[in-house]
Amino acid sequence: MIDIRLAREAPGPLRAALARKGAAELLDELIGADDAWRALTGRVDELRARTKLKGKPSSGQVAELQAVKEELHEAEAALAGAAQRRADLLNRLPNPPAPDVPDGVSEEDALEVRAVGERPRFEFAVKDHVELGGFDLDRGARLSGSRFVYRRGALAMLELAMYRYALDRLVGLGFELVLPPVLVREEAMYGTGFLPTEEVNIYKVERDELYLTGTSEVALAGLHQGEVLELDDLPARYAGYSTCFRREAGAAGRDTRGAFRVHQFDKVEMFVYTTPERSAEEHEAILAIEEELVQGLGLAYRVVCTAAGDLGPSAAKKYDIEAWMPSQERYREITSCSNTTDYQARRLNVRFRDGERGLRVVHTLNGTAMTARWLIALVETYQQPDGSVAVPEVLRLLGAPAGLGPS
RNA sequence: GGAGGGAUGGCAGAGCGGACGAAUGCGUCGGUCUUGAAAACCGUUGUGCCUUCGGGCACCGUGGGUUCGAAUCCCACUCCCUCCGCCA
């Protein structure tokens, strides 16, 4: 949610920023709805003031009050309607992009920030992760449908070591480890901006009115919902580990082979609450941690900055890390870190006490520290001519097997 | 799943339908006193919205209802606690 005062006081720059996300007209509508709402607010407040009495009214006054009551009912109904329209628009209006985000509307318009690491070269026919073994897609599909996958044996051990690798680093950096619920209420989905816009991509448990989260970002953002944080506690950094669920509704036919795009996967997520003054710096810090984690596994990657029109509703700015996928011969997204500024925090009403300045809305950020997708890049990158896979030492130290593949 | 009890300010805890945005205590912050601190005393202390900046309005778990008027009465829901049953 944006700060409505910004829309009233300086609609020009805000409108220009929102235009880059294709939401300029939405802002115009909102400003109109806000004007209407304010006019009705004044009228209702005035009528209510007239109903206020000290002590018992005389019978003449009662008749008069009854008349006011009727008028008030009408005005209140009008106000409720106006408030609803205003709230709907406010809910749908996306976070304006940061000024240094590139123009554009699609993935192709993203700006490549840098490419790091040497892409692996192979003197033999490259196998993809499915051929390298351990991913049981057929049985996953039989059990649950397409885009569900079993990871088995040594591969599963490797995957767990990868989560542990990321979590250990994060805890070492002062992040608090959190194992969150994955079923949440509608409120949390709205608060984080996944609803109403992303509704088609979310699994809903109708019977219990709960939603399965597509990332632990939802639960971590909801962690301090409605709270007032102390300045001394900021930045508050959390590392969440959870299973993530996504319907992939818009992705029919895309990435159908293998475990690259699945309905259920696991992820280690960073989530930070901070002050507005610090959030840009925190964003770069989260990106740096992601890069360090990727580098630590020896993967080749590039960093891209997502174009304004390709950003989700919540993000003001987003960096993705794309790892080199040998079987696809291209970089594919393995992390995503966003500065959601005050957008989620305002929806979730998370504030902090800032001395003389009083209560202020915090900024929130999130970023991927590890997902099952990394596993794909890893096994493909470390494959050997005989179809086995070497495992980096950092992971072996955390319980990963010495290697995978044909025994 | 069954049976009870509860939800009021940072916390504890009052609150005959009008004087209640709310007693009191603790805590907070400021001051007096003190070499300093403690104690004591004095004062202060919720949030949001609108504003012609005088002020006005809303909020006592949430949503409805009764009434000229609801923290207070009625209904529904949510959450928490206790007991029973079931359960990783």
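Parameters and conventions
- Residues numbered from 1 in each chain as written.
- Chains lettered and ligands numbered in written order.
- Predicted model: local features only at pLDDT ≥ 70, side-chain atom pairs only at ≥ 80, totals over all residues.
- Heavy atoms only, no water.
- Buried < 20%, exposed > 50% of the residue type's maximum accessible area, 1.4 Å probe, protein only.
- Helix = DSSP H or I, 4+ residues; strand = E, 2+ residues; numbered from the N terminus.
- Pairing = 2+ DSSP bridges.
- Salt bridge = Lys/Arg side-chain N within 4 Å of Asp/Glu carboxyl O.
- Domains from an automatic or database assignment.
- Contact = heavy atoms within 4.5 Å.
- Buried area = accessible area lost by both parts, 1.4 Å probe.
- Polar contact = N/O pair within 3.5 Å; in protein donor to acceptor, adjacent residues only side chain to side chain.
- Nonpolar A, V, L, I, M, F, W, Y, C, P; charged D, E, K, R; others polar.
- Axes fitted to C-alpha atoms, helices over the stretch in contact; angles between N-to-C directions.
- Parallel < 35°, antiparallel > 145°, perpendicular 65-115°, else oblique.
- Left-handed = near helix turned anticlockwise from the far one by under 90°.
- Core = buried A, V, L, I, M, F, W, Y, C linked by side-chain atoms within 4.5 Å.
- pLDDT = per-residue confidence, 0-100.

Chemist: Would you mind going over the pairing of strand 16 (residues 363–371) with me for this structure?
Modeler: Across a regular strand the side chains alternate sides, sitting on one face of the sheet and then on the other. A large share of strand 16 lies buried, amounting to 9 of its 9 residues. Bridge count for strand 10 (residues 264–274) against strand 16 is 8 bridges, and the pairing is antiparallel. Across the sheet, residue V272 finds its bridge partner in strand 16, namely L365.

Chemist: Looking at this model, I keep getting lost on the pattern of salt bridges. Mind explaining?
Modeler: Side chains carrying opposite charge are able to pair once their charged atoms draw close together. Under the definition given, this model contains 36 salt bridges. Linking R20 and D103 is a salt bridge whose minimum nitrogen-to-oxygen distance equals 2.9 Å. Note that R20 is positioned in the loop between helix 2 (11–19) and helix 3 (24–51) and D103 in the loop between helix 4 (59–92) and strand 1 (111–116), a separation of 83 residues in sequence. The class of R20 is partly exposed, set by a relative accessible area of 22%. Notably, a salt bridge pairs K317 with D100, separated by 2.7 Å at the nearest N-O pair. Pair noted here: K317 is in strand 12 (residues 317–325) and D100 is in the loop between helix 4 and strand 1, with a separation of 217 residues, a long-range link. Because the salt bridges share partners, they merge into one network encompassing R8, D34, D35, R38 and R86.

Chemist: Would you explain the domain arrangement of chain A in this entry?
Modeler: Where interface size is given, it is often the accessible area lost as the parts come together that is meant. Split into domains, chain A comes out as domain 1 (4–92) and domain 2 (107–404). Computed from C-alpha coordinates alone, the two centres of domain 1 and domain 2 are separated by 41 Å. In this complex, domain 1 contributes 5 residues to the contact, which on the side of domain 2 involves 10 residues. The junction of domain 1 with domain 2 conceals about 520 Å² of combined surface from both sides, 46% of it contributed by carbon and sulfur atoms. Of all residues in domain 1, R20, K21 and N91 bury the most surface against domain 2, accounting for 84% of the area lost on that side. Scanning the region where domain 1 abuts domain 2 turns up 0 salt bridges. Counting across the domain 1 and domain 2 interface gives 5 residue pairs in polar contact (both at pLDDT 80 or more). Classifying every residue of the side of domain 1 that touches domain 2 by side-chain character gives 1 nonpolar, 1 polar and 3 charged.

Chemist: Just to check I follow, could you spell out the packing of helix 7 (residues 153–172) against helix 10 (residues 279–296) for this structure?
Modeler: If you want to describe how two helices pack, look at the angle between their axes and the distance between the axes. Contact geometry for helix 7 and helix 10: axes closest at 11 Å, N-to-C directions at 135 degrees. Taken together, helix 7 and helix 10 sit at an angle that is classed as oblique. The two elements helix 7 and helix 10 cross, and the hand of that crossing is right-handed. Contacts between helix 7 and helix 10 involve Y165, A166, R169 and L170 on the former and, on the latter, I289, E292, L293 and G296.

Chemist: Whenever I open this one, the sheet that holds strand 6 (residues 204–205) confuses me. Can you help?
Modeler: Two pairing modes exist for strands in a sheet, parallel and antiparallel, and in both the strands are linked by backbone hydrogen bonds. Strand order in the open sheet formed by 3 strands is 5-7-6, and the pairing between neighbours is antiparallel. At either margin of the open sheet sits one strand with a lone partner, and together these are strand 5 (183–184) and strand 6. Both strand 5 and strand 7 (residues 210–212) contribute to a ladder of 2 bridges, which runs antiparallel. The partner of L183 across the bridge, within strand 7, is L212.

Chemist: Honestly, the nonpolar core in this entry has me stumped. Any pointers?
Modeler: The nonpolar side chains of a soluble globular protein tend to be buried, and buried together. In terms of nonpolar packing, the biggest core is built from 54 residues, with L158, M162, L297, M370 and L395 touching the most fellow members. Ignoring any residue separated from it by four or fewer positions in sequence, one finds L395 in contact with L158, A161, M162, Y165, L297, L378 and A400. With 14 residues, the next largest nonpolar core counts V178, L220, L234 and Y238 among its residues.

Chemist: Help me understand the environment of A285, please; the structure alone is not making it clear to me.
Modeler: Tracing the backbone shows A285 in helix 10. Taking the relative accessible area as the measure of exposure, A285 reaches 34% and is therefore partly exposed. A sequence separation of 22 residues divides A285 from H263, and the C-alpha atoms of the two residues are 30 Å apart.

Chemist: Explanation requested: the confidence of the model for chain A in the structure shown.
Modeler: Should pLDDT be low for a region, the predicted coordinates there are not to be read in detail. Mean pLDDT over chain A stands at 92; residues scoring 70 or higher make up 99%. Scored as a whole, the predicted complex attains pTM 0.93, and scored at its interfaces, ipTM 0.84.

Chemist: Just checking my understanding: could you explain the environment of V379 for this structure?
Modeler: Structurally, V379 can be placed in helix 12 (residues 372–381). The spatial distance from the C-alpha of V379 to the C-alpha of R139 is 21 Å, given a sequence separation of 240 residues. Excluding anything up to four places from it in sequence, V379 contacts H129, L132, L155, L158, V389 and L404.

Chemist: Any chance you could explain unusual backbone geometry here in plain terms?
Modeler: Glycine aside, a negative phi is what most residues show, and trans is what most peptide bonds show. Looking along the chain, the bond that leaves L195 and enters P196 is cis, with omega of 5 degrees. Among the secondary structure elements, P196 is positioned in the loop between helix 8 (186–191) and strand 6. Here the bond from L234 into P235 is cis, since omega is -5 degrees, no more than 30 degrees from zero. Phi at R147 is positive, roughly 70 degrees, even though this residue is not glycine. On the secondary structure map, R147 appears in the loop between helix 6 (137–144) and strand 3 (150–151). Residue classification places R147 among the buried residues on the basis of a relative accessible area of 14%. Phi at D255 is positive, roughly 50 degrees, even though this residue is not glycine.

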